[in-house]
Amino acid sequence: MSYLLLLLGFALLIKGAEYFVQGASSIAAALKVSPMLIGLTIVAFGTSSPEATVSIVAAMEQNAGVAVGNVVGSNIFNITLVVGVAAFLYPLRVESNTIRKEIPFTLLASIALLILLSDKMLQFVSDNVLTRSDGIILLLFFAVFLYYLFEVARQNCVKEGTASPKQSLSWGKLIFITIIGLAAIIIGGDLVVNHATSIALSFGMSQTLVGLTIVAVGTSLPELITSITAALKKESDIALGNIVGSNIFNILFVLGSASVISPLWVEDKIFVDVYIMIVFTLLLLLFSRTNYKVGKIEGVILASFYVIYMVYIIIRN
């Protein structure tokens, strides 16, 4: 029964994220919000809503390993496999702003997380804990990022203007779709946390490994589907922007909110994964600076690194 409920949870997460993104994007477009702002916020944050739900629920249920492992594992999955597969299908063009500001901001968020987790090394205490004050710091960083996005979107609106699209659905239907999607995400997140944890622990897996593998891959499926669809439609800005925005959202908002709700005690082994996440972010920045695109070769390299990483963490456990 746990296996069936786990699959049901993943299905609700994926379908819920699809409806949430569709409804929220349509509402934003109807309100004449800049397409750039829709891509960097609504789409990216919408596809990250499963990670947010799972990590927050895990924090409330004192499953810190799942909460932190989910975010770190999802970010590694996004940078390597999602970007890799999307780039292999269609080379991803990278805007100069993404190279100079957005990917470096992702790197900054990753380093900030590493510092905030390093209580044993920096404060000489017995445990590494992401405290409520740490969570507030992450949320303040997130507020800075949102301010930057709105400024970029405002300048984009001034330069290009924003046409008002025709609404295919009424306001009532759009709001209903958005609420239904959010409800499915919340219910699905609760099912995934409870049953993935119980199944994995019965096999002797740690909470952190559960978060890094089963939960991380499951909650990252919306990013994978969205980026592959965007790549197939040759909309490379959405494909890469979705991943960059999602990774920033995961670290700053998801872990920030989760740790404010309940302080997160983390295992020492998670530090290796945080270091790997930082290295992969640097690698993405390096690839992006090559002719302002991530090509097929780089995509194969990134996807291969994810396979190697999965083998490593399974052996490590």
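In the block above lies the structure referred to throughout.
Residues numbered from 1 in each chain as written. Predicted model: local features only at pLDDT ≥ 70, side-chain atom pairs only at ≥ 80, totals over all residues. Heavy atoms only, no water.

### Quick notes on the packing of helix H9 (residues 207-219) against helix H13 (residues 296-316)
Relative orientation and spacing of two packed helices are given, respectively, by the angle between their axes and the distance between those axes.
For step 1, the next point in the chain: Interhelical geometry of H9 versus H13 gives an angle of 140° and a closest axis separation of 10 Å. One way to sum up the angle between H9 and H13 is to call them oblique. Note that H9 runs across H13; the crossing there is left-handed. Taking contact as the criterion, the partners of Leu209, Leu212, Thr213 and Val217 in H9 are, on H13, Tyr306, Tyr309, Met310, Ile313 and Arg316. (Axes fitted to C-alpha atoms, helices over the stretch in contact; angles between N-to-C directions. Helix = DSSP H or I, 4+ residues; strand = E, 2+ residues; numbered from the N terminus. Parallel < 35°, antiparallel > 145°, perpendicular 65-115°, else oblique. Left-handed = near helix turned anticlockwise from the far one by under 90°. Contact = heavy atoms within 4.5 Å.)

### Regarding the side chain of Thr106
For step 1, the next point in the chain: Position of Thr106 among the secondary structure elements: in helix H5 (residues 96-117).
For step 2, the next point in the chain: On the accessibility criterion, Thr106 (5% relative accessible area) is buried. (Buried < 20%, exposed > 50% of the residue type's maximum accessible area, 1.4 Å probe, protein only.)

### Let's talk about empty space enclosed by the protein
For step 1, the next point in the chain: For the structure shown, the criterion picks out two cavities of 30 Å³ or more.
For step 2, the next point in the chain: Space inside the largest cavity adds up to approximately 40 Å³.
For step 3, the next point in the chain: In this structure, the largest cavity is lined by Ile79, Ile103, Thr106, Ile243, Val244, Asn247, Thr281 and Leu284.
For step 4, the next point in the chain: Those elements that place two or more of their residues in the lining of the largest cavity are H5, helix H11 (236-261) and helix H12 (270-288).
For step 5, the next point in the chain: No other element matches H11, which puts three residues into the lining of the largest cavity.
For step 6, the next point in the chain: Of the pockets and cavities examined, the second largest cavity occupies roughly 30 Å³.
For step 7, the next point in the chain: Around the second largest cavity, the lining residues are Ser206, Thr208, Leu209, Leu212, Lys269, Ile313, Arg316 and Asn317.
For step 8, the next point in the chain: The set of elements that each furnish at least two residues to the lining of the second largest cavity consists of H9 and H13.
For step 9, the next point in the chain: Considering every element that reaches the lining of the second largest cavity, the biggest residue donor is H9, with three residues. (1 Å grid on protein atoms, 1.4 Å probe; cavity = no way out; pocket = protein on both sides within 12 Å on 5 of 7 lines; lining within 4 Å. Points joined across faces, edges and corners; volume = space filled by probe spheres on them.)

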